[in-house]
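Residues per chain are reported as follows:
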Amino acid sequence: MTVELNRLPNGVRVVTEHMPGMQSASLGVWVTAGGRHERAEQNGIAHFLEHMAFKGTKTRNALQIAESIEDVGGYINAYTSREMTSFYARVLADDVPLGLDVISDIVLNPVFDPHEIEVERHVILQEIGQALDTPDDIIFDWLQETAFPDQALGRPILGPSSRVEKFNRDDLAGFVSERYVPENLIVAAAGAVDHDAILALVEQRFGHLVSGGPRAVEAARFAGGERRVDKALEQAHVAMAFEAPGYRSDDVFVAQVFATALGGGMSSRLFQEARERRGLCYTIFAQPSAYADSGLLTIYAGTGAEDLEGLVSLTVDEIRRSADDLSVAEIDRARAQMKAGMLMGLESPASRAERLARQLAIWDRVPPLEETVERIDAVTAEHARDYAARLAMSGSAALALYGPVGGAPSVEEMTGRLAA
């Protein structure tokens, strides 16, 4: 498999990976603009814009967008994250030009019809309502806001209803002109693709765009704190987070290996101790997330009110204990899980295209898989124990609780126990 990369004169990046033997391709446009690139009054607009891209262009209405891809058996979708928005399709090899034409059309030529804005506004408000009614969903928004208060990185991707209710055509067009500039556009494709053919198509559709120059991004400031919502639910939901390295930090793989050993699978410390040995919960896990300049190590569990205090204490104790006795065998297993998960996940064109775009956004190059594997393998038990010790002594954490949580320890009690 061969990765090829070009940059148009205006800054648009084009990256492909040919996968021999494939009959299909995944392709899309990744825009390095997401929730953290919004001003306070724009919160939720990146996600609104993602929805509106499918509601009509200068040459296709909403139904024609869907039919163009589905008539050839393809699939089209999009998502918005805190640092990126993606519009992508999966098609057979012969339909790659069509797929790229449709994707480029919805990115470059949305009409933002006022009627369609109202229709989609209602859809998004329903989506926000659904999230608010899902405890193990909304708690992560609360945790993010607690970790990064009063800044774009902490605001919910969907935005508050009060903002979504007011967005208009000018707001949408304004965000596009600010952020959908050539330097922020990555066209990525993987599978049955020909790089030169895709490059020519991208030049035709994106080559006319005028460079927009860099746009400032508010720096992340982890603060921590607590948000507690006491409500009569069947389960108490608890999510805690510690600041973790950003994806350009030398420690990012240490944090990922540690999180896997702590709570990344059925053999992990938290799963074995909290669920298997003590039966304190059904679900418990730890996961890392990384951003350009910061990150989070998040731990989530759902349990009964009577077990919540014990579960939080156990979780804190396991982190503290990891600083002393995290074993070589545990780290070997965590590294194997990470490598296998990464490599298995890259067996599809969609995963390959996603990786190409994300790596290019982070590094402005696509590191070979071997380089990533080497960085994972370089993490030792000593590195992981040292990382756990730094977490324990950090004195700062974010805590979000939802449900019958009146008896849960405070974030101050949690960090105090951690440092004891």
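Going by the structure above, here's the rest.
This section reports on the structure supplied with the text. (Residues numbered from 1 in each chain as written. Predicted model: local features only at pLDDT ≥ 70, side-chain atom pairs only at ≥ 80, totals over all residues. Heavy atoms only, no water.)

1. Description of unusual backbone geometry
One non-glycine residue, Phe112, adopts positive backbone phi at about 55 degrees. Positive phi is not limited to glycine here, since Asp364 has a value of about 60 degrees.

2. Brief notes about the packing of helix H11 (residues 308-325) against helix H16 (residues 411-419)
Contact pair H11 / H16: the axes reach a minimum separation of 9 Å and the direction vectors enclose 35 degrees. Handedness of the crossing formed by H11 with H16: right-handed. Here H11 contributes Val312, Ser313, Val316, Asp317, Ile319 and Arg320 to the contact with H16, which in turn contributes Met414, Arg417 and Leu418. Considered class by class, the residues forming the contact of H11 with H16 number five nonpolar, one polar and three charged. (Axes fitted to C-alpha atoms, helices over the stretch in contact; angles between N-to-C directions. Helix = DSSP H or I, 4+ residues; strand = E, 2+ residues; numbered from the N terminus. Left-handed = near helix turned anticlockwise from the far one by under 90°. Contact = heavy atoms within 4.5 Å. Nonpolar A, V, L, I, M, F, W, Y, C, P; charged D, E, K, R; others polar.)

3. Some points on the packing of helix H3 (residues 96-108) against helix H8 (residues 195-206)
Across the interface, H3 lies against H8 with an axial gap of 11 Å and an inter-helix angle of 25 degrees. Between H3 and H8, the angle is such that the two are roughly parallel. The crossing of H3 and H8 is right-handed. Counting all contacts with H3, which are made through Val96, Pro97, Leu100, Asp101, Ser104 and Leu108, the residues of H8 involved are Ile198, Leu201, Val202, Arg205 and Phe206. Here the residues of the contact of H3 with H8 sort into eight nonpolar, one polar and two charged. (Parallel < 35°, antiparallel > 145°, perpendicular 65-115°, else oblique.)

4. Considering the sheet that holds strand E11 (residues 398-403)
With mixed pairing, five strands are arranged side by side in an open sheet as E7-E11-E8-E10-E9. Across the chains shown, the open sheet's two edge strands, defined by having one partner strand only, are strand E7 (225-230) and strand E9 (283-290). Within this sheet the neighbouring strands show an average axis-to-axis angle of 10 degrees, counted without direction. The pairing of strand E8 (residues 236-244) with E11 spans five bridges and is antiparallel. Looking across to E11, one finds that His237 is bridged to Tyr402. (Pairing = 2+ DSSP bridges.)

5. What about the sheet that holds strand E3 (residues 24-31)?
Spatially, E1-E2-E6-E3-E5-E4 is the arrangement adopted by the six strands of the open sheet, whose pairing is mixed. The open sheet has two edge strands with one neighbour each: strand E1 (2-7) and strand E4 (75-80). Between one strand and the next, the sheet's axes are offset by a mean angle of 15 degrees, whatever the strand orientation. Examined bridge by bridge, E3 and strand E5 (residues 85-92) share eight bridges and lie antiparallel to one another. Each residue of the ladder has a partner; that of Leu27, found in E5, is Ala89.

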